[in-house]
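Structural features, examined
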Amino acid sequence: MEVVVKGLPNDTDEFSLQNFFGQCGEITRVSLPRGKDGCLKGAAFVGFVTQEGLNKALELNSSFFNNFCISVRLASDKIERGGKKSNDEMTVVMRDFPFEGVDEAMINDYFKTCGEVVRVNLPRHKEDGRIKGAAFIEFMREEDVETALLLNGSEFMGEIITVRKASDREKGGGKGSRREREDAVTIVVKGFPTESTDEELLRSTFAAVAQVVRVNLPRGADGLPKGTAFIQMGTDEDVARACELDNSPFMNATLSVHRASDKSNKGKKNDDFTVVVRGLADWVDEASIKADFSQCGDLRRASCPSNGEGKCKGFAYVQYKNEESMKKALEWNNTWYKGATITVEQLGEEKGKGKGKKKKEKLPEGPTIHVSSLSYDVDDEMLKAAFAACGEIVACRVLTSSK
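Conventions and cut-offs
Throughout, a residue's number is its position along its own chain's written sequence, starting from 1. With the structure being a predicted model, the display of local features is reserved for residues of pLDDT at least 70 and the display and counting of side-chain atom pairs for 80 or more, all residues being used for whole-chain, interface and lining totals. For side-chain calculations, the full set of non-hydrogen atoms in the structure is used, while hydrogens and water are omitted. Criterion used throughout: strands pair if DSSP finds at least two bridges between them. Numbering of helices and strands runs from the N terminus; a helix is a DSSP stretch of H or I covering at least four residues, while a strand is a stretch of E covering at least two. Fitted lines through C-alpha atoms give the axes, limited to the stretch in contact for helices. The angle between two N-to-C directions lies from 0 to 180 degrees. Burial status follows relative accessibility: with a 1.4 Å probe on protein chains alone, a residue under 20% of its type maximum counts as buried, one over 50% as exposed, and anything between as partly exposed. Of all possible arcs, the one meant is that of the directions from the helix axis to the C-beta atoms. When checking whether two residues touch, look at their non-hydrogen atoms; a contact exists if any pair is within 4.5 Å. Any Lys or Arg side-chain nitrogen located within 4 Å of an Asp or Glu carboxyl oxygen qualifies as a salt bridge.

Turning our eyes to something else, we now look at the sheet that holds strand β21 (residues 315–320). Strand order in the open sheet made by the five strands is β20-β21-β19-β23-β22, with antiparallel pairing throughout. Across the chains shown, the open sheet's two edge strands, defined by having one partner strand only, are β20 (299–303) and β22 (335–337). Averaged over all pairs of adjacent strands, the angle between strand axes in this sheet comes to 30 degrees, irrespective of strand direction. Here β20 runs beside β21; their pairing, made up of four bridges, is antiparallel. By the bridge assignment for β21, R301 is matched with Q319.

Here you go:
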């Protein structure tokens, strides 16, 4: 005579579990199966001496153990008995809720207005206990499930949540049909500065023009956004209004906004009217590139990659809205810019690209002097003229940083 207990916190031990179920009657054993890493596998087994103790234990189903809503069933219960609906048919899945500060009790309180909640399951990562991203709420009656589905798109702790049936596998709708429907009202946003952009800033920006359902901002191992955001809007009209922000200014950058369902944009970059600027000093930043190169015409976007220390890597990309502006920028090729001689070439037509790339020019061998502490505005010709009175000069180079 055993019950199986699920939904337990990861730090549960046999002693605390025995104390909890000891109120029901004499216990024969408590088993907490664990994996090789020492973490709980997800269920515990509690055996009783009498039927009365077993029955009392079953009454603890949907009760709270250390603030976790637990499920208590007969160990021999196979779920699909007596023609009952399967667990998935009686369960809804909640997503897009805030992970911080949420527990099973709070979710239970939110959904109990829909009907009798059998259990709440909030899966967590074994390593650190972080919520995986979904919550499962099982109800006693089918009508309660239908009521819970009405909470889809409602607000829970400041976030718009998604609520669907756990059994929703899109039967008959074709593979990926649910994803396609979501893509139809989702936009892809790029071009924002990753260091200073977060979900709330993007939400407030797009909520000013249309209804925002959720914001997904994928992040890398360093915790910074990867550079692309996915924003689900309320309706197709909301998507159209959000797409009007394409090429709009955003925190010293220019946003790129298009529909997630627009396959013409997937994996493709629009490099029309783009120039590559090389030979930049390491202290040049994106703001100065944008301000200076906008003198040639209207910019679509500008990017100045930096290294781990925040210094310019020595190159930048500048895209214009028309060919005339790009041609004006190309006139800056081999000119002096902020302490260095830069090259400005059209993207895809850079000289020396790929095979046959020129090797770095070396100074001729012979007596050579090194001059330091030069001003940023000194170039090769100025230095050569300054030392011409000392004798014949074979070669003269002013080195610039291109980190």
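Further remarks concern helix α7 (residues 236–243). Every buried residue belonging to α7 is among D238, V239 and A242, and all of these are buried. The buried residues of α7 occupy an angular sector of 100 degrees when the element is viewed end-on, so they sit on one face.

Turning to helix α2 (residues 51–58), a few remarks are in order. Taken residue by residue, α2 has G53, L54 and A57 as its buried positions. One side of α2 holds all its buried residues, which, seen down the axis, span an arc of 100 degrees. Of the surrounding elements, those touching the buried residues of α2 are β1 (2–6), α1 (14–21), β3 (43–48) and β6 (71–74).

On to unusual backbone geometry, then. Notably, D96 is not glycine yet its phi reads approximately 65 degrees, a positive angle. Position of D96 relative to the elements: it lies in the loop between β7 (91–95) and α3 (104–111). A residue is classified by how much of its surface remains accessible, and D96, at 23% relative accessible area, is partly exposed. Positive phi outside glycine occurs at N247, with the angle close to 70 degrees. Take N247: it is sitting in the loop between α7 and β16 (249–250). According to the relative accessible area criterion, N247 is partly exposed, its value standing at 22%.

Residues in a regular strand point their side chains to alternate faces of the sheet. Of all six residues in β3, five are buried; the element is thus mostly enclosed. Judged from the five bridges that link them, β1 and β3 form a sheet pairing that is antiparallel. Along β3, the bridge assignment pairs E2 with G47. Pairing analysis gives four bridges linking strand β2 (residues 27–31) to β3, with the strands arranged antiparallel. The residue bridging S31 from the neighbouring strand is F45, located in β3.

Applying the stated rule across the entire model yields 16 salt bridges. Of the charged contacts, one joins E89 and K165 as a salt bridge, the two residues approaching to 3.5 Å between their closest N and O atoms. Highlighted residues: E89 in the loop between β6 and β7 and K165 in strand β12 (residues 162–165), separated in sequence by 76 residues. Among the residues examined, E89 registers a relative accessible area of 25% and is labelled partly exposed. E146 is the partner of K165 in a salt bridge, and the nearest nitrogen-oxygen pair spans 3.8 Å. With K165 in strand β12 and E146 in helix α4 (residues 142–149), this residue pair connects regions lying 19 residues apart in the sequence.

Everything listed is a geometric property; what it means functionally is a separate question.
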